[in-house]
Amino acid sequence: VSTQSTGLHSYLVKKLRCKPFDGNCMLKSGLRNLPARVPSLRYYIWRYTSKTFRSENMSSPIVIQPRGAHKASVIFLHGRGDTCHGWAQVMGEELNIKHVKYICPTASTIPVTINMGMRMPAWYDITSLSEFDKEDKAGIMRSVAHVHALIAEEEKAVPSDKIFVGGFSQGGAVALYSGLTYKNKLGGIIGLSCYLPLNSEFPDVADSQNSETPIILCHGKADVVVDTRFGQMSHQKIKAFHSAVEMKLYDHMGHTSCPRELMDVKQFLGNVLGQSP
């Protein structure tokens, strides 16, 4: 499996200086470079490595419970070829905010055309990263329905305006569509290194309940997987009918994440929730 998203891949390569092998081999090689002071992290990664890259269908999300009373929830979707485990680590280590619960689901394993039909976790099929007139609408809508169901489940515990939906790359695309079309007002929408899918349908399909929901879009200027201009075009498209959207660009960052970006996302969450991150 060739991972295109960040999660443990970026964490191990950048913070722990392990070699950027793909998938299972990369993760296990990175264990040798984990500092002795984080044995729990070493166990966490090892425990989930085999499941991460071998399961055909991982429908159960990883849930990180809040450090205190549950007052808000963040649903975050990984990118193509990744799973929930990588971003769950980022949520728990880098974005952890008191009173916030994090839900990280994993996409079903499907054949992906752009990857020569290889089976991997993906929210929908992709035939090209430049021809958006050939989008997999059926696959996108299935994933959007899944995200809407996750949001509805969280509404049993917290108000909808305390629920955030976000994602990286393909997961960010699904998060944008899901958030803008949800029937109840959300707390915020987070899109990292992504684009707005089925953009010709907007603003017609956008729900008025989320016409002023805060949105943060982040993109690396050196992204060659999801070209930066697609992120900028999506920003302009959303801005035309949605005033509460901001975009942040990062010098020298490719299709991954960086500490500055994670700090900006954490600040975004804190600002919307009215509490210090």
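What counts, and at which threshold
Note on numbering: residues in each chain are counted from 1, in written sequence order. In keeping with the predicted nature of the model, local features appear solely for residues at pLDDT of at least 70, side-chain atom pairs appear and are counted solely at 80 or more, and the whole-chain, interface and lining totals rest on all residues. As a convention, hydrogens and water are excluded, and side-chain values are obtained from all of the structure's heavy atoms. Within this document, salt bridges are pairs made up of a side-chain nitrogen of Lys or Arg and a carboxyl oxygen of Asp or Glu, the two lying within 4 Å of each other. Secondary structure elements are taken from DSSP: a helix is a run of H or I of four residues or more, a strand is a run of E of two residues or more, and numbering for both begins at the N terminus. Working definition: with a 1.4 Å probe on protein chains only, accessible area under 20% of the residue-type maximum means buried, over 50% means exposed, and in between means partly exposed. Two strands are counted as paired when DSSP detects at least two bridges linking them. Working convention: axes come from line fits to C-alpha atoms, limited for helices to the stretch in contact. Angles between N-to-C directions cover 0 to 180 degrees. Only heavy atoms enter the contact rule, under which two residues are in contact if any of them lie within 4.5 Å. Aromatic rings from Phe, Tyr and Trp, with only the six-membered ring used for Trp, were paired whenever their centres fell within 6.5 Å, and each pair was classed as stacked if the ring planes differed by under 30 degrees, edge-to-face if by over 60, and tilted otherwise.

## Some words on the pattern of salt bridges
Turning to step 1, where the next piece is worked out: Within the structure shown, the criterion is met by seven salt bridges.
Turning to step 2, where the next piece is worked out: One salt bridge connects K101 with E154, and the closest N-O pair in it is separated by 3.2 Å. Residue K101 is found in strand β3 (residues 100–104), and its partner E154 is found in helix α5 (residues 137–154); the two are separated by 53 residues along the sequence.
Turning to step 3, where the next piece is worked out: Residue classification places E154 among the buried residues on the basis of a relative accessible area of 7%.
Turning to step 4, where the next piece is worked out: When the shortest N-O distance is used, the salt bridge between E201 and K137 registers 2.9 Å. Note that E201 is positioned in the loop between β7 (188–192) and β8 (215–220) and K137 in helix α5, a separation of 64 residues in sequence.
Turning to step 5, where the next piece is worked out: We classify E201 as buried; its relative accessible area is 16%.

## Comments concerning the sheet that holds strand β2 (residues 72–77)
Turning to step 1, where the next piece is worked out: With respect to topology, seven strands assemble into an open sheet ordered β1-β3-β2-β6-β7-β8-β9, the strand pairing being mixed. The open sheet has two edge strands, β1 (62–64) and β9 (245–250), and neither has a second partner. Each adjacent strand pair in this sheet contributes to an overall mean axis angle of 15 degrees, direction not counted.
Turning to step 2, where the next piece is worked out: Each of β2, β3 and β6 (163–168) is contacted by α5, which is oriented at about 165 degrees to β2, the strand it contacts most.
Turning to step 3, where the next piece is worked out: In this fold helix α8 (residues 259–273) packs onto β2, β3, β6, β7, β8 and β9, with an angle of close to 175 degrees to the strand it touches most, β7.

## Digging into the environment of D204
Turning to step 1, where the next piece is worked out: Along the chain, the position of D204 falls in the loop between β7 and β8.
Turning to step 2, where the next piece is worked out: By relative accessible area, which is 71% here, D204 ends up exposed.
Turning to step 3, where the next piece is worked out: Spatially, the C-alpha atom of D204 lies 9.9 Å from that of F241, the residues being 37 residues apart in sequence.

## Here we look at helix α4 (residues 84–93)
Turning to step 1, where the next piece is worked out: Of all the ten residues making up α4, eight are buried; the element is thus mostly covered by neighbouring parts of the structure.
Turning to step 2, where the next piece is worked out: Within the span of α4, buried status applies to C84, H85, G86, W87, A88, Q89, V90 and M91.

## Section: unusual backbone geometry
Turning to step 1, where the next piece is worked out: Residue F202 is joined to P203 through a cis peptide bond whose omega torsion reads 10 degrees.
Turning to step 2, where the next piece is worked out: Its place among the elements puts P203 in the loop between β7 and β8.
Turning to step 3, where the next piece is worked out: The phi dihedral of S169 is positive, around 55 degrees, even though this residue is not glycine.
Turning to step 4, where the next piece is worked out: Of note, the phi angle at S193 is positive, near 50 degrees, even though the residue is not glycine.

## Considerations on the packing of aromatic side chains
By convention here, two paired aromatic rings are described through the distance between centres and the angle between planes.
Turning to step 1, where the next piece is worked out: Summed over all chains, the structure comprises five aromatic pairs.
Turning to step 2, where the next piece is worked out: Each ring, one from Y177 and one from F202, has its centre 5.2 Å from the other, and the planes form 80 degrees; the classification is edge-to-face. Placement of Y177 in helix α6 (residues 170–181) and of F202 in the loop between β7 and β8 is noted, with a sequence separation of 25 residues between them.
Turning to step 3, where the next piece is worked out: An angle of 10 degrees between the planes, with centres 5.9 Å apart, marks the rings of F202 and F241 as stacked. Taken together, the residues span a long stretch of sequence, with F202 in the loop between β7 and β8 and F241 in the loop between α7 (228–239) and β9 at a distance of 39 residues.
Turning to step 4, where the next piece is worked out: Look at F202 and you get buried, because its relative accessible area is 3%.
Turning to step 5, where the next piece is worked out: A network of ring pairs unites the aromatic residues F76, W87 and F168 as a single cluster.

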